[in-house]
Amino acid sequence: MRKFFRDNLTLLLFFLSSFVVVVIAIYTSIMVDTITSFLKENIEERLLAISRSAAEVIEPEELAVLRGPADMASPLYAEVKNRLIAFAAESRVLFAYYLRPTADGRFQFVVDNDTSADSVDLSTPPVDSEESPNLALSGIAATAGLGNYSVGYSGLLSAFAPVLDERGRVVAVAGVDISDEQILEVRGHIATQMFLLMLAIAAAVTSGCLSFYLYRKKEKDLKRRLRQQELMSALSQGFIAEESMPVLINNALRVTGEFLGVTRMLIAVADPDRDNGGAAVRTTHVWQAGDEAIGAIGGMAEVDRLIIGSFSQTQPSDIAGAAIYRDDIQGREEYAALASGGVKSFIWAPLYVEGKLWAVLGIEECLRPRVWSQSDKQLISMISSVIAGAAAKGLAEQNLIRLSSIVENSPQFICAFDPNGALKYFNEAAYMTCGFSRQEIGEGGLELLFDAETLTLLKERYLPLAQSGQRQEALLTMRDKGGGAHMMRLSIFAVHPIGLLGGPDVDSDSAGIGVIGRDDTEKIQIERERAEALEQARHASQAKGDFLANMSHEMRTPMNAIIGMTAIAKAAADA
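All values derive from a computational prediction rather than experimental measurement.

Asker: For the overall build of the chain, give the residues involved together with the corresponding values.
Answerer: A count of helical and extended segments in the chain gives 15 helices and 15 strands. Looking at the chain residue by residue over its 575 residues, the buried ones come to 39%. In the chain, once contacts between residues fewer than 6 apart in sequence are set aside, the share between residues at least 24 apart is 57%. Of the accessible surface of the chain, which amounts to about 31200 Å², a share of 57% is contributed by carbon and sulfur atoms.

What follows is the structure, given as structure tokens:
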């Protein structure tokens, strides 16, 4: 559990902070909605109070006199209209008007404060009754509600109050209107901002999760490649050990099999007597998951013929391309013998020694079909090269060939110079790293690999010190054929000639220079990417904080407007 929290601490902190931000956003949305509702309620209360005041502007007796269009020419009509105009201006409402119920259940406008051609009066046709005026007619002051518009009067927030005579009977309804455009606009802006805030938070959380997923996936792939390089380095060093060849090969099969997680690994050696009636191959080394590697076992004749007939007897120019990869052999007739033995997927990689087919490295998966990745193929190619090189020692001068093969097939960068600094040896990994051919390296030397400054440092400092017996460790930038840069960690040491007694002659003045190195470009890049990822996470956190701060500032402006309107409403209600 501790390891889980340690490995995922950054991810957990990100999710926790995202959760807190979402909670704050939801809480802010609720509070804004509450404040908006409070503002609406206060405005409605103010309107109700104004409508009640409007009901007292004209006396019921005056309304009783104004019955038809002919009464509009009377001085009384002009006086009450002026009263309404003054009242509307003082109360800061758009319209103030009176309605009288008709015998057919409709409402007849009596007078309003409007001086334009759109004003309503006794000559205006009756209008259909609605809920709020009907409530006022029953003696209850009421508002139409935000967004609940009368027919033909959209954008107005209305309130109605009863007009009572001296006996308490409702003889008319007083109405007032204000524009709800600002309220709806503020509400719309707030809703839009909250939606954008939630959308931005969701996008930030999603992109953060995706970034973490891609980062962890990339980190996992990089770790696997590093482990693969470490495995190959360990195998290369293992073949240098003073162990018997069967033990070294069995150990290589075990380590590689455990790394790949396969069911079985084996080496089937081509029988030199196969042309004289002998077996096509002899399985000499086997490793099985969960079991100790066992000795030689016999193979089925059909499988033997299939294996030996699948490869050229002489070494092709592209050894890596000669390997056979099968992800699923179920239903394939040519591999029926293998399938009957429980094999689901396999890799066959030929091992050539001295230009001839020596053996086949087999990797078998018996539990389920497996798709072999490019990383798997690269590892098999390298392990095949290492095993083939190591096996060559038993077919020629044992120690010299074994050491030469290991050096040549090592993933490490290895080269050697004579006492005069001329390049004499370059292993395959070195050629693969720099991309130059043997001829190009032979002709161009170190000038192809290092710039002038690095070359001067190498020749004037590291090589003389190493030749004097002081082993040097250096991190230098080497360029390849394509112009790319490689950060090479090099170990530079003296290589002494063999003395009369068979050991190195350390007193000789003709000591050459040996260099062993590895390409740390990927490792350094990983460290840089990790540092950049941490920096990006820090910037993302800062950006999130800045975003929330900016959103807080952007929300204060409409909030100040809301608070101001609330204060106005409260002041009007207290008046």
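Asker: Residues and numbers for the packing of aromatic side chains, please.
Answerer: By the definition in use, this model includes 7 aromatic pairs. Taken together, a centroid distance of 4.4 Å and an interplanar angle of 35° make the contact between F346 and W348 tilted. Each of the two residues, F346 as well as W348, counts as buried. Arranged with centres 5.1 Å apart and planes meeting at 75°, the rings of F426 and Y431 form a pair that is edge-to-face. For F426, a relative accessible area of 2% gives the class buried. Members of the aromatic cluster, joined through ring pairs, are Y97, F109 and F160. Cation over ring: K377 sits above Y325, and NZ or CZ is 5.0 Å from the ring centre.

Asker: Talk me through empty space enclosed by the protein; I want residue IDs and the actual numbers.
Answerer: Summed over the entire model, instances satisfying the criterion amount to 1 cavity of 30 Å³ or more. Volume-wise, the largest cavity comes out at about 80 Å³. Lining the largest cavity are 13 residues, with F417, L446, F450, L458 and V515 sitting closest to its centre. Among the elements of the structure, β11 (413-417), β12 (423-426), α14 (452-467) and β14 (485-495) are those that each provide at least two residues to the lining of the largest cavity. A per-element tally of the lining of the largest cavity places β11 first, with 3 residues. A per-class count over the lining of the largest cavity returns 13 nonpolar, no polar and no charged.

Asker: Before we move on, can you summarise the sheet that holds strand β13 (residues 472-479) with the specific residues and values?
Answerer: Taking strand neighbours across the sheet as the criterion, the 5 strands line up as β12-β11-β15-β14-β13 in an open arrangement whose pairing is antiparallel. Two strands in the sheet have a free side with no partner beyond their single neighbour: β12 and β13. Averaged over neighbouring strand pairs, the angle between their axes works out to 30° when direction is ignored. Relative to strand β15 (residues 512-519), β14 runs antiparallel, the two being bridged by 8 bridges. Within the sheet, the bridge partner assigned to M488 lies in β15 and is D519. Seen against the sheet, α14 touches β13, β14 and β15 and runs at an angle of roughly 155° to β13.

Rules used throughout
Residues numbered from 1 in each chain as written. Predicted model: local features only at pLDDT ≥ 70, side-chain atom pairs only at ≥ 80, totals over all residues. Heavy atoms only, no water. Helix = DSSP H or I, 4+ residues; strand = E, 2+ residues; numbered from the N terminus. Buried < 20%, exposed > 50% of the residue type's maximum accessible area, 1.4 Å probe, protein only. Contact = heavy atoms within 4.5 Å. Areas by Shrake-Rupley, 256 points an atom, 1.4 Å probe, with all protein chains shown as cover. Phe/Tyr/Trp six-rings, centres within 6.5 Å; stacked < 30°, edge-to-face > 60°. Lys NZ or Arg CZ within 6 Å of the ring centre and 35° of its normal. 1 Å grid on protein atoms, 1.4 Å probe; cavity = no way out; pocket = protein on both sides within 12 Å on 5 of 7 lines; lining within 4 Å. Points joined across faces, edges and corners; volume = space filled by probe spheres on them. Nonpolar A, V, L, I, M, F, W, Y, C, P; charged D, E, K, R; others polar. Pairing = 2+ DSSP bridges. Axes fitted to C-alpha atoms, helices over the stretch in contact; angles between N-to-C directions.

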